[in-house]
Amino acid sequence: MNREPLLTPKEWTQLEDEDLMIYYQAGHIQAFEVLYKRYSGRLYAYFLKHKLNPEGAQDLLQEVFARLHRSKEQYNPAQPFLPWLFTLSRHLLFDHMKKSETIVNKRSQSLEPHLLQNKEAVDLQTNGLQDLQVALAQLPKNQQRALNMRYLNDWSFEKIASEMGASPQGVRQWVSRGLRKIKHLMGEEI
Amino acid sequence: MDKKTLPENQWLKAFNEFTTLDKIEPPQYLNDQILKQAQERLNPKGSVIFSKLLLVHTFVGTLSLAVCDQFGVTPFRTGFSLSHSFMAFGHGICMILCGFLFISLSVVTSWLFLNPDEFRLMKKRSPQHLLFLIALSFATLKFFGAEVTWSLASLWFLGAFMGGLFPLVGLPLALAQTRHSSQ
């Protein structure tokens, strides 16, 4: 069934995308490697062009090829491969962008009860979502993670403690200090 | 996907832009990581595949004893067994059919729990997997009191092996693919 075809590396690179997909469906990693080399650079450029930061573009690139793997049996080799790959990638890009938008909104909403308790803080919401992100980025990593898990994922202190390998009390301190520091960085009184 | 929800010309425009983009090479560590992941996904561990098969067989094989006991072994008291009907064809045929049913039901059910790559590898390694599964089943049945001569047991082995190969070789991989495409 899965006999190794007698192809040289050069011959692999000369195959059409659709033929490569047939080999990929049959379990040949060489076919995937050629497809990856052929399109990873263009996909990466495409994601960067859509204002994704390099980290986001890299995550998405990884996701595209993971999805390609999961969907490979659905691909019909009688159809051209590149439009299929593009559609799949574009779909994931839109999902990613929508998700990022939701995260930013949710983050601002989640922090609201804790940060936005006075007039200045209301101004902060209207003026400074970007400032908030900048301030968050300046926190130590453990505080950033703890705040994200607490307000973005809505996790309990116990769950965060278990995830981060710390005590719940320690996590409470990180969250509390993180919030204070954000207020401070954004020009509020502590 | 997009093609259905966006105007065709908008999709075409985006696609044309995509095809004319200058490449930007992703970092090497990412390339290595993605290729490694692909390699792992294409070659799932044999132990994982066999464990899934064994788990399915433990459940399905046990349930099958409700309708067809093996060497008289069954935990159920249904008062019914296909083996009685099979006996009409003779003891030897009965052994073959019982073995066939016992293993084939489990292999068919395993389709639901194996992804296409696992299924492909199971097909590739089917003789090893099946022989081990059948031997393990036989040992378990013996443990629970099966009394059988070696000549009849060998016919049961033959039936079980054919029962395992039939769904793997005789039926198309397309069923597993259909299952995944509907997810």
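Before reading further, recall that the structure is shown in the block above.
Residues numbered from 1 in each chain as written. Chains lettered and ligands numbered in written order. Predicted model: local features only at pLDDT ≥ 70, side-chain atom pairs only at ≥ 80, totals over all residues. Heavy atoms only, no water.

Caption draft 1: Spotlight on the overall build of chain A. When helices and strands are counted, chain A shows ten helices and zero strands. The contacts in chain A between residues at least 6 apart in sequence include a share of 55% that link residues at least 24 apart. In the structure as shown, chain A presents an accessible area of about 10,400 Å², 49% of it carried by carbon and sulfur atoms. (Helix = DSSP H or I, 4+ residues; strand = E, 2+ residues; numbered from the N terminus. Contact = heavy atoms within 4.5 Å. Areas by Shrake-Rupley, 256 points an atom, 1.4 Å probe, with all protein chains shown as cover.)

Caption draft 2: Seen up close, the packing of helix 3 (residues 29-49) of chain A against helix 4 (residues 54-71) of chain A. Residues and elements named next belong to chain A. For the pair helix 3 and helix 4, the least separation of the axes is 10 Å and the interaxial angle reads 140°. Pair helix 3 / helix 4 crosses with right-handed handedness. Across the interface between the two elements, Phe-32, Tyr-36, Ser-40, Leu-43, Tyr-44, Phe-47 and Leu-48 from helix 3 touch Pro-54, Ala-57, Gln-58, Leu-60, Leu-61, Val-64, Phe-65 and Leu-68 from helix 4. Classifying every residue of the contact of helix 3 with helix 4 gives 13 nonpolar, two polar and no charged. (Axes fitted to C-alpha atoms, helices over the stretch in contact; angles between N-to-C directions. Left-handed = near helix turned anticlockwise from the far one by under 90°. Nonpolar A, V, L, I, M, F, W, Y, C, P; charged D, E, K, R; others polar.)

Caption draft 3: Examining the packing of aromatic side chains more closely. Across all of its chains, the model carries 27 aromatic pairs over all chains by this definition. Where A:Tyr75 meets A:Phe81, the ring centres are 5.9 Å apart and the plane angle is 85°; that geometry is what we call edge-to-face. Of the two residues, A:Tyr75 and A:Phe81, neither departs from the other in class, the shared state being buried. Summarising the aromatic geometry, the rings of B:Trp156 and B:Phe157 are spaced 5.8 Å apart at their centres and angled 85° between planes, so their arrangement reads as edge-to-face. Judged by relative accessible area, which is 0%, B:Trp156 ranks as buried. For B:Phe157, a relative accessible area of 26% gives the class partly exposed. In this structure an aromatic cluster arises from ring pairing among A:Tyr46, A:Phe47, A:Phe86, B:Trp11, B:Phe15 and B:Phe18. Directly above the ring of A:Tyr24 sits A:Lys72, whose terminal nitrogen or CZ lies 5.6 Å from the centroid. (Phe/Tyr/Trp six-rings, centres within 6.5 Å; stacked < 30°, edge-to-face > 60°. Buried < 20%, exposed > 50% of the residue type's maximum accessible area, 1.4 Å probe, protein only. Lys NZ or Arg CZ within 6 Å of the ring centre and 35° of its normal.)

Caption draft 4: The arrangement of the interface of chain B and chain A in detail. Of the residues lining the interface, 35 residues belong to chain B; the matching set on chain A comes to 38 residues. The tally of links from chain B across to chain A stands at two salt bridges. A salt bridge links A:Lys72 to B:Asp117, with the shortest nitrogen-to-oxygen separation between them at 3.0 Å. The tally of links from chain B across to chain A stands at nine residue pairs in polar contact (both at pLDDT 80 or more). Looking at the side of chain B that touches chain A, the elements with two or more residues in it are helix 1 (2-5), helix 2 (8-20), helix 3 (28-42), helix 7 (116-124) and helix 10 (174-181) of chain B. When residues in the side of chain B that touches chain A are grouped by element, the largest group, eleven residues, is from helix 3 of chain B. (Salt bridge = Lys/Arg side-chain N within 4 Å of Asp/Glu carboxyl O. Polar contact = N/O pair within 3.5 Å; in protein donor to acceptor, adjacent residues only side chain to side chain.)

Caption draft 5: The arrangement of the nonpolar core in detail. Ranked by internal contacts, the top residues of the largest apolar core, which has 41 residues, are A:Phe32, A:Leu43, A:Phe47, A:Leu61 and A:Phe65. Those elements that provide at least two residues to this core are helix 2 (17-25), helix 3, helix 4 and helix 5 (81-115) of chain A together with helix 2 and helix 3 of chain B. At twelve residues, helix 3 of chain A tops the list of elements feeding residues into this core. B:Phe50, B:Cys98, B:Phe102 and B:Leu121 belong to the second-largest nonpolar core, a separate cluster that totals 31 residues. (Core = buried A, V, L, I, M, F, W, Y, C linked by side-chain atoms within 4.5 Å.)

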